[in-house]
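Remarks on the overall topology
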Amino acid sequence: MVGGGIVGLSTAYALTELGATVRVYERGVPGDGQSGGESRIFRHAHDDARLVALARASRAIWTQWAERAGTELVSSDGAVAIGPAVERRLAVLEKVGGVPVRRIDGTQLHSLLPPLAGYDGPAMLDQAGGAIRTRAAIGALTGWLGERLVADEVLAVRSTGNGRAEVLTGGGRAEHSTVVVCAGRGTAGLARGVGLALPVRLSAHVRLTFAVRQPAPRLACLQDSSGAFGETGTYAAALPGNRYYGVGLSESVGVDPDGGFADPGELTALADRAVAYVRRALPGLDPAPVGYRHCWVTRVPWSDDGFATWQQEGLVFVAGHNLFKQAPAIGRALARLALGEQPEVDLGPECRLGAGS
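Residues numbered from 1 in each chain as written. Predicted model: local features only at pLDDT ≥ 70, side-chain atom pairs only at ≥ 80, totals over all residues. Heavy atoms only, no water.

1. Details of the overall build of the protein chain
Using the following cut-off: A run of H or I in DSSP counts as a helix once it spans at least four residues, and a run of E counts as a strand once it spans at least two, with each numbered from the N terminus. Only protein chains enter the accessibility calculation, which uses a 1.4 Å probe; a residue whose area is less than 20% of its type maximum is buried, one above 50% is exposed, and one in between is partly exposed. The contact criterion used is simple: two residues touch if any of their non-hydrogen atoms lie within 4.5 Å.
A tally of regular secondary structure across the protein chain gives eight helices and 19 strands. Taken along its principal axes, the extent of the C-alpha atoms in the protein chain is 65 × 45 × 40 Å. Counting over 357 residues, the protein chain shows a buried share of 54%. In the protein chain, of all internal contacts separated by at least 6 residues, the share reaching a separation of at least 24 is 72%.

Here it is, written out as structure tokens:
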């Protein structure tokens, strides 16, 4: 494995469950790159029925992991969505089935998310959704993997021509039967070295943390596509203890091909818009941010929720966005792929996972 984020760790753990020998190369702190931060949203709602089914499988695995870890990994607060996307995604959820989701009115919405301003448009509750306890999840996986984690930077990977793959690191050279590359913004560069051009769009994003004025025993996650509060793509999730709430806009800031910013001030402007949104939409939060999380975003062209794998002899490259919630099921699928088996869902780019029907 190249990359110790949530997808790499989940895949490595799934491989150990299948009895495989595993090594995970990570140059930094595991889970501190694109997987960093205090919380993520777990939700079943997607435009693609295949991702709904994958999320349903992941939710069951999150429960198994929580039982083994002896701690909560997904909160029981639920996830609410408001705006025009509700009806479209409810139709997909109902088609797939097996997900406890329902429409809710303004009164129910307020009880689930007290900081939210008044709203009486389309809304739904994903009862099995909630805030992922990201640090607890990363901590559990790294603990289970133990000495399989190697602190080293991978400079290049290549197929050796004999059915195996080679990894060149800052501290050595090693051959493996299969190398799975889940290296975030570094994935496309490693793939380019073996002649694969991944259609990954690199950008940068910011999430802000705000104090909750009156902490509530229940604080659902939020996805807002309504435009009622001045933005049409906003998400939010509570941090452990429900005393703080993380908020971000779905937009990100484009970067140059070399990863530099044409105007770094655009990232600050995005944060300022998030603060303005909080003032309008979430008066139950103190609008002065108490924390910032800046991170890279690696999107595939067909969907913000999309991802895919690209393969060459002995090598598997994985790229996409919004993968934290899906990582347990993706990890098991990638583990089967690494062992030469066919996963239940086809992960190739031609399938355009996330694009819907």
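Back to the write-up after that little detour.
2. A short note on the packing of aromatic side chains
Rule in force here: Pairing of aromatic rings covers Phe, Tyr and the six-membered ring of Trp, with a centre-to-centre limit of 6.5 Å; geometry is then stacked below 30 degrees between planes, edge-to-face above 60, and tilted otherwise.
With the rule as written, the count across this model stands at eight aromatic pairs. Ring geometry for tyrosine 13 and tryptophan 144: centres 4.9 Å apart, planes at 35 degrees, overall tilted. Pair noted here: tyrosine 13 is in helix 1 (residues 6-17) and tryptophan 144 is in helix 5 (residues 134-145), with a separation of 131 residues, a long-range link. By relative accessible area, tryptophan 144 is classed as buried at 18%. Between the aromatic rings of tryptophan 62 and tryptophan 65, the centroid separation amounts to 5.3 Å while the plane-to-plane angle is 75 degrees, which identifies the pairing as edge-to-face.

3. Topic: the packing of helix 2 (residues 49-69) against helix 3 (residues 85-96)
In plain terms, the rule: Angles shown run from 0 to 180 degrees and are taken between the N-to-C directions of axes, each axis being a line fitted to C-alpha atoms and, for helices, limited to the stretch in contact. Each helix crossing is assigned a hand: it is left-handed if the near helix lies turned anticlockwise from the far helix by less than a right angle, otherwise right-handed if that turn is clockwise. As a working rule, the residues Ala, Val, Leu, Ile, Met, Phe, Trp, Tyr, Cys and Pro are called nonpolar, Asp, Glu, Lys and Arg charged, and the rest polar, with Gly in that last group.
The interhelical angle for the contact between helix 2 and helix 3, taken along N-to-C directions, is 65 degrees, at an axis separation of 9 Å. Once helix 2 is placed against helix 3, the crossing between them reads as right-handed. Between helix 2, through Ala49, Val52, Ala53 and Arg56, and helix 3, the contact on the second element is made entirely by Val92, Leu93 and Val96. For the contact of helix 2 with helix 3, the class distribution of residues is six nonpolar, no polar and one charged.

4. A closer look at the environment of tryptophan 302
Spelled out, the test is: Polar contacts here mean pairs of N or O atoms no more than 3.5 Å apart (in protein, one a potential hydrogen donor and the other a potential acceptor; neighbouring residues in sequence count only if both atoms are side-chain atoms).
Relative to the elements of secondary structure, tryptophan 302 occurs in the loop between strand 17 (291-299) and strand 18 (307-312). Here tryptophan 302 falls in the buried class, since its relative accessible area comes to 16%. Through-space distance from the C-alpha of tryptophan 302 to that of aspartate 47 is 12 Å; in sequence the pair is 255 residues apart. Polar contacts involving the side chain of tryptophan 302 include one to the main-chain carbonyl oxygen of leucine 353, which spans 2.8 Å.

5. A look at the environment of glycine 106
When you line up the elements, glycine 106 lands in helix 4 (residues 106-112). A residue is classified by how much of its surface remains accessible, and glycine 106, at 31% relative accessible area, is partly exposed. In sequence terms glycine 106 and alanine 117 are eleven residues apart; their C-alpha atoms lie 10.0 Å from each other.

6. Some remarks on the nonpolar core
Among soluble globular proteins, nonpolar side chains are generally buried collectively. Convention followed: We define a nonpolar core as any set of buried Ala, Val, Leu, Ile, Met, Phe, Trp, Tyr and Cys residues linked to one another through side-chain atoms lying within 4.5 Å.
Ranked by internal contacts, the top residues of the largest apolar core, which has 45 residues, are Trp62 and Leu334. Elements represented by at least two residues in this core include exactly helix 1, helix 2, helix 5, strand 19 (315-320) and helix 8 (327-338). Element by element, the count of residues in this core is highest for helix 8, at eight residues. The residues touching tryptophan 62, leaving out its near neighbours within four places in the chain, are Ile6, Phe42, Leu73, Val74, Ile132, Ala137, Phe324, Lys325 and Pro328. Membership of the second largest hydrophobic core comes to 36 residues, among which are Leu109, Leu112, Val212 and Leu222.

7. So, the sheet that holds strand 19
Basically, it comes down to this: By the convention used here, strands pair only if DSSP detects at least 2 bridges between them.
Within the open sheet, the three strands sit side by side as 11-19-18. Their pairing is mixed. One side of each edge strand has no neighbouring strand; the edge strands of this open sheet are strand 11 (179-181) and strand 18. Pairwise comparison of adjacent strand axes, ignoring direction, gives a mean angle of 15 degrees for this sheet. Sheet topology note: the strand 11/strand 19 ladder contains three bridges and is parallel.

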